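Structural characterization, general
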Amino acid sequence: RKEVEQDPGPFNVPEGATVAFNCTYSNSASQSFFWYRQDCRKEPKLLMSVYSSGNEDGRFTAQLNRASQYISLLIRDSKLSDSATYLCVVTRDTGRRALTFGSGTRLQVQP
Amino acid sequence: DTAVSQTPKYLVTQMGNDKSIKCEQNLGHDTMYWYKQDSKKFLKIMFSYNNKELIINETVPNRFSPKSPDKAHLNLHINSLELGDSAVYFCASSQGPMNTEAFFGQGTRLTVV
């Protein structure tokens, strides 16, 4: 079983739609959680951190459920510029300082 | 100025050759990484250095050897290149505990022919 699992998509949605991505992780000792965004042929960049209390950044909302080992990302009012691959990322364990990436969910927002 | 820069951006080489990829970060970070992104776009950690000390060495063939001359640089040398080494290699850096942001270089697209 992969450490971090995501639906690969692609998700094809019209502009203005709301879309949700889900992610599960296998290591209950995982400490920190993130969503990264990767545009085609570019490097990954941090989109937002994910906290147990949930957090929102403009049109983006991230949620963490530690009991279910589940992370979500909600994008409201999708823009064409949101088209990218969204990577669910967790830290592996303490002291080893490495991010473990899911394989990503591809989003295509269409006009 | 680019925060994490790696060179070259593209590398096409024949099987059996030896090649190096260089990485430099100007963020003052303590920790640097090499990740490999394969054809299925899966990003996997290869190595991590903290203040020039190797702290993570995943199951990577020993043909791959990282070198960190100082905490701002982490180079990757690959011996006897194989077709399966073709991938995009990303260098990254971060500061502090694991819940801090990692900054990635633009990637080196390696093609072995």
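In short, a report on the structure. Computed from a prediction, not measured in an experiment: that's the story for all the values here. (Residues numbered from 1 in each chain as written. Chains lettered and ligands numbered in written order. Predicted model: local features only at pLDDT ≥ 70, side-chain atom pairs only at ≥ 80, totals over all residues. Heavy atoms only, no water.)

1. Details of the overall build of chain B
How we decide: To qualify as a helix, a DSSP run of H or I must reach at least 4 residues; to qualify as a strand, a run of E must reach at least 2; elements of each kind are numbered from the N terminus. The globule rule is 2.2 Å times the number of residues to the power 0.38, and the radius of gyration it is compared with is taken over C-alpha atoms. Residue exposure (1.4 Å probe, protein chains only): buried if accessible area is under 20% of the type maximum, exposed if over 50%, otherwise partly exposed. Any two residues having at least one pair of non-hydrogen atoms within 4.5 Å are treated as being in contact. The protein chains shown are the only cover counted for residues, whose accessible areas, like all others here, come from Shrake-Rupley with a 1.4 Å probe.
Along the backbone of chain B there are 0 helices and 11 strands. If you list the helices and strands of chain B from N to C, you get β-β-β-β-β-β-β-β-β-β-β. Relative to the globule expectation of 13 Å for 113 residues, the C-alpha radius of gyration of chain B, 13 Å, shows essentially globular dimensions. Within chain B, the fraction of its 113 residues that count as buried is 45%. Within chain B, residue pairs in contact and separated by at least 24 positions form 53% of the contacts whose partners lie at least 6 positions apart. Entry remark: accessible area of chain B is about 5500 Å², with carbon and sulfur atoms responsible for 49%.

2. Thoughts on the side chain of Ser30(A)
The line we're drawing: Nitrogen and oxygen atoms within 3.5 Å of one another constitute a polar contact, given that in protein one can donate a hydrogen and the other can accept it, and given that sequence-neighbouring residues count only through two side-chain atoms.
For Ser30(A), the position within the fold is in the loop between β3 (19–25) and β4 (33–38). A distance of 2.8 Å separates the side chain of Ser30(A) from the backbone oxygen of Asn27(A), its partner in a polar contact.

3. Digging into the interface of chain B and chain A
Counted only if it meets this: The term buried area denotes the loss of accessible surface (1.4 Å probe radius) that occurs when two parts are joined, taken as the sum for both partners. Salt bridge, as used here, is a side-chain nitrogen of Lys or Arg placed within 4 Å of a carboxyl oxygen of Asp or Glu. Amino acids are sorted into nonpolar (Ala, Val, Leu, Ile, Met, Phe, Trp, Tyr, Cys and Pro), charged (Asp, Glu, Lys and Arg) and polar (every other residue, Gly among them).
Counting from both sides, the interface comprises 25 residues of chain B and, opposite them, 22 residues of chain A. A buried area of about 2000 Å², summed over both sides, lies between chain B and chain A, and 56% of it is on carbon and sulfur atoms. In this assembly, chain B and chain A are joined by 0 salt bridges. The tally of links from chain B across to chain A stands at 3 residue pairs in polar contact (both at pLDDT 80 or more). Going through the elements one at a time, β4 (31–37), β5 (43–50) and β6 (53–57) of chain B are the ones with two or more residues in the side of chain B that touches chain A. Split by residue class, the side of chain B that touches chain A holds 12 nonpolar, 9 polar and 4 charged.

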